[in-house]
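One letter stands for each residue in the lines below.
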Amino acid sequence: MIVTLALLVGQIVFNSMFLQGAVCPERGGELCSLKVLHKGEWVETLYSSTSPTGWQGRAPWLWPATGKGTPLPAHGFVRDLPWAVFGRTQDSVSVGLTDNEQTRAKYPFGFALRAEYRVVDRQMTIRFRVAASEANQSAMPFAVGNHITFRTPLVAGTEADAMTLLSPSTVEYLKRDGAPSGETVSRSLPKAVALRDFDARTAVSLGGYKGDPFMVLRDPGGLAVRISHTAISVPEEPVVRFNMWGDPSKGYFSPEPWVGLQDAHRLGKGLVRLAPGKDWEWVITIAFVD
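None of these values were measured; they are calculated from a predicted model.

Attention now moves to unusual backbone geometry. A cis geometry characterises the amide bond from Thr70 onward to Pro71, with omega recorded as 0 degrees. With an omega of 10 degrees, the peptide bond running from Glu237 to Pro238 counts as cis. By secondary structure assignment, the location of Pro238 is in the loop between β19 (223–231) and β20 (240–247). Its identity is not glycine, yet Asp121 carries a phi of approximately 55 degrees, on the positive side. One non-glycine residue, Glu256, lies in positive phi territory at about 45 degrees.

We now examine the sheet that holds strand β7 (residues 92–98). Within the open sheet, the nine strands sit side by side as β6-β7-β8-β9-β24-β19-β18-β13-β16. Their pairing is antiparallel. Edge strands, defined here as strands with exactly one partner in the open sheet, are β6 (84–89) and β16 (189–194). The average angle at which neighbouring strand axes cross in this sheet is 15 degrees, direction not considered. Pairing of strand β8 (residues 111–120) with strand β9 (residues 123–132) involves ten bridges; the strand directions are antiparallel. The residue of β9 that forms the bridge with Tyr117 is Ile126.

Right, let's talk about the environment of Thr103 for a bit. Following the sequence through the fold, Thr103 ends up in helix α1 (residues 101–106). Look past the residues within four positions of Thr103 in its chain and what remains in contact with it is Phe77, Leu81 and Phe111.

As enumerated under the stated definition, the model contains 17 aromatic pairs in all. The interplanar angle of 40 degrees and the centroid separation of 5.2 Å between the aromatic rings of Tyr47 and Tyr252 together place this pair among those described as tilted. Note that Tyr47 is positioned in the loop between β4 (41–44) and β5 (61–62) and Tyr252 in strand β21 (residues 252–254), a separation of 205 residues in sequence. For Tyr252, a relative accessible area of 13% puts it in the buried group. Here Tyr209 and Phe242 contribute two aromatic rings whose centre-to-centre distance is 6.0 Å and whose plane-to-plane angle is 70 degrees, an arrangement assigned as edge-to-face. Linking Tyr209 in the loop between β17 (204–207) and β18 (214–219) with Phe242 in strand β20, this pair joins segments that are 33 residues apart in sequence. Comparing Tyr209 with Phe242, the two get one shared label, buried.

As a further point, take the side chain of Asn146. Tracing the sequence through the fold places Asn146 in strand β11 (residues 144–146). For Asn146, the side chain forms a polar contact with the main-chain oxygen of Ala59, separated by 3.5 Å.

Let us look at empty space enclosed by the protein. Scanning the model with the defined rule gives one cavity of 30 Å³ or more in all. Volume-wise, the largest cavity comes out at about 60 Å³. Ala65, Gly69, Asp263, Ala264 and His265 are, among the 15 residues lining the largest cavity, the residues nearest its centre. Each residue belonging to the lining of the largest cavity can be placed in one class, and the counts come to eight nonpolar, five polar and two charged.

As a further point, take the state of the cysteines. Counted by the stated rule, this structure contains one disulfide. The disulfide bridge from Cys24 ends at Cys32, spanning 2.2 Å between sulfur atoms. Its S-S torsion of about 85 degrees marks the bond between Cys24 and Cys32 as right-handed, since a negative value means left-handed. Each member of the pair Cys24 and Cys32 is classed as buried.

One rule of thumb: low pLDDT means the predicted coordinates there are not for detailed reading. Confidence along the protein averages 94 in pLDDT terms, with 97% of residues attaining 70 or more. For residues 1–9, every residue scores under 50 in pLDDT, and the model assigns this stretch 14 contacts once sequence neighbours within four places are set aside.

Glancing now at the environment of Pro64. Relative to the helices and strands, Pro64 resides in the loop between β5 and β6. For Pro64, a relative accessible area of 0% puts it in the buried group. Placed 167 residues apart in sequence, Pro64 and Ala231 show a C-alpha to C-alpha distance of 15 Å. Every residue in contact with Pro64, bar those within four places of it in the chain, is listed here: Leu72, Gly76, Phe77, Tyr107, Pro141, Phe142, Ala143 and His265.

Analysis parameters
Residues numbered from 1 in each chain as written. Predicted model: local features only at pLDDT ≥ 70, side-chain atom pairs only at ≥ 80, totals over all residues. Heavy atoms only, no water. Helix = DSSP H or I, 4+ residues; strand = E, 2+ residues; numbered from the N terminus. Pairing = 2+ DSSP bridges. Axes fitted to C-alpha atoms, helices over the stretch in contact; angles between N-to-C directions. Contact = heavy atoms within 4.5 Å. Phe/Tyr/Trp six-rings, centres within 6.5 Å; stacked < 30°, edge-to-face > 60°. Buried < 20%, exposed > 50% of the residue type's maximum accessible area, 1.4 Å probe, protein only. Polar contact = N/O pair within 3.5 Å; in protein donor to acceptor, adjacent residues only side chain to side chain. 1 Å grid on protein atoms, 1.4 Å probe; cavity = no way out; pocket = protein on both sides within 12 Å on 5 of 7 lines; lining within 4 Å. Points joined across faces, edges and corners; volume = space filled by probe spheres on them. Nonpolar A, V, L, I, M, F, W, Y, C, P; charged D, E, K, R; others polar. Disulfide = S-S within 2.5 Å. pLDDT = per-residue confidence, 0-100.

Written as structure tokens, this is what we have:
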């Protein structure tokens with residue numbers, strides 16, 4: 001594979017007529033900008049912190065762990081590594097990461113990750129693929145998530161806490177000190193609830209969806225974003241499908257699509273187990289509607 005140095009530095013922009021994304025390969029291959037054309041103006045929808053420390057926002061990949069846990073770092077390690085560029089067109093970018101000596105010291109498996117971002121009209125599709133090396137001696141366990149973080153409000157001049165959230169989960173997995181307690185409560189948002197009435201300053205871990213999980217975040221200024229996701233296989237429950245977290249009053253809200261569980265590697269639950277030589281695919285769809 002030949003990739004010019006220019007493709008490995010800074011943002012790579014791709015776009016349709018109504019949507020413009022940017023990927024930052026050197027920052028974990030993450031989506032670092034997502035602008036939508038709304039009422040004739042380009043609106044940046046991703047939150048990005050200007051602080052040099054602490055939470056940075058944007059949309060980092062969480063792999064091979066989601067949330068707090070052991071023995072792997074919280075949220076895994078791939079978000080902290082530079083990714084390579086495998087291809088780009090006007091409306092798409094493909095980036096990836098392969099295991100190396102540094103990753104094997106933390107996670108003793110051979111792997112290849114690929115993330116392909118593509119936009120059509122007002123919709124982005126992200127295909128996240130995991131390949132397990134044929135040389136692995138056992139099935140490769142992992143959880144995966146994307147910590148996508150939206151600005152609140154989406155539309156300038158509206159009230160952040162007046163934004164609404166809808167997501168037809170059936171279960172909330174309760175936690176103690178950031179790890180699953182083993183307890184659940186019924187939790188469903190089939191009708192929109194205002195963010196002022198949905199406290200996610202401590203993460204709300206949702207699951208139990210009937211069919212592919214989805215959520216809708218709507219700004220009273222007339223712009224909404226819908227995220228859905230599907231995978232070729234999903235672990236048995238407990239498994240978190242959306243990990244809602246954020247503080248709209250401080251300008252951000254993260255719906256975090258997941259296929260995983262906090263402390264999954266220690267608990268042995270909420271993990272995909274990929275046999276040597278096999279592939280796994282997860283598709284996230286982000287669509288904007290007025």
